[in-house]
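Chain and residue survey
So you can see what is in the structure, the chains are spelled out below.
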Amino acid sequence: MKGCLQFMGEVVRITDCFNEITGKHAKYYTLGSLKLIIFHLRLGHRLPQFKGVFEYKYNEFKDTHPEWIVIDTFCRQDKFENNLEKARDAYRAKMAKKAEPVPEAHKPFKGLE
């Protein structure tokens, strides 16, 4: 695992974030998790992306498959990008649902269309 020391601070923060979201007690020094996290860090992903995936997958699995709530499952090399995109879509949908429609009286240029 050449050159992984440069990422250790971020690995610890990511693991702490996972633990905070899931209520688990994952260790940052577990070899499988360490390799997966560093792999994604080298691709340019950072804590906000990991947090989004953790929140999305936790909410997906907490009631149906609690045994799958582990860093290795959430960060699999072949699934992370897809999970990240799903997390982004879910966030956008949530924000769109929160947005209230603009009343007709407040629309600019009313009647000039």
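The sections below set out a description of the structure shown in this document. What you see is a predicted model, and the numbers here were worked out from it, not measured in a lab. (Residues numbered from 1 in each chain as written. Predicted model: local features only at pLDDT ≥ 70, side-chain atom pairs only at ≥ 80, totals over all residues. Heavy atoms only, no water.)

As a further point, take helix α5 (residues 80-98). For α5, built from 19 residues, the straight-helix expectation of 27 Å at 1.5 Å per residue is met to within 8% by its first-to-last C-alpha distance of 27 Å. Lining the buried residues of α5 we find α2 (31-42), α3 (47-61) and α4 (71-74). (Helix = DSSP H or I, 4+ residues; strand = E, 2+ residues; numbered from the N terminus. Expected span 1.5 Å × (residues − 1). Contact = heavy atoms within 4.5 Å.)

Here we come to the packing of helix α1 (residues 8-22) against α3. The N-to-C vectors of α1 and α3 enclose an angle of 25°; their axes lie 10 Å apart at closest approach. For the element pair α1 / α3, the angle class is roughly parallel. Here α1 and α3 pass one another in a crossing that is right-handed. Taking contact as the criterion, the partners of E10, R13, I14, C17, F18, I21 and T22 in α1 are, on α3, L47, F50, K51, F54, E55 and Y58. Its residues assigned to classes, the contact of α1 with α3 shows eight nonpolar, one polar and four charged. (Axes fitted to C-alpha atoms, helices over the stretch in contact; angles between N-to-C directions. Parallel < 35°, antiparallel > 145°, perpendicular 65-115°, else oblique. Left-handed = near helix turned anticlockwise from the far one by under 90°. Nonpolar A, V, L, I, M, F, W, Y, C, P; charged D, E, K, R; others polar.)

Let us now look at the packing of aromatic side chains. The geometry of an aromatic ring pair is captured by the separation of the ring centres together with the interplanar angle, meaning the angle of the planes. Counted according to the given criterion, the structure contains eight aromatic pairs. Aromatic pair F18 and F74: ring centres 5.7 Å apart, planes at 70°, arrangement edge-to-face. Of this pair, F18 sits in helix α1 while F74 sits in helix α4, and the two are 56 residues apart along the sequence. When sorted by exposure, F18 lands in the same class as F74, which is buried. Residues F50 and F54 carry aromatic rings whose centres are separated by 6.1 Å and whose planes lie at 55° to one another, so their mutual orientation is tilted. Of this pair, F50 and F54 both sit in helix α3, separated by four residues, roughly a single helical turn. Of the two residues, F50 and F54, neither departs from the other in class, the shared state being buried. Site record: aromatic cluster; members linked through ring pairs are F18, F50, F54, F61, W68, F74 and F80. (Phe/Tyr/Trp six-rings, centres within 6.5 Å; stacked < 30°, edge-to-face > 60°. Buried < 20%, exposed > 50% of the residue type's maximum accessible area, 1.4 Å probe, protein only.)

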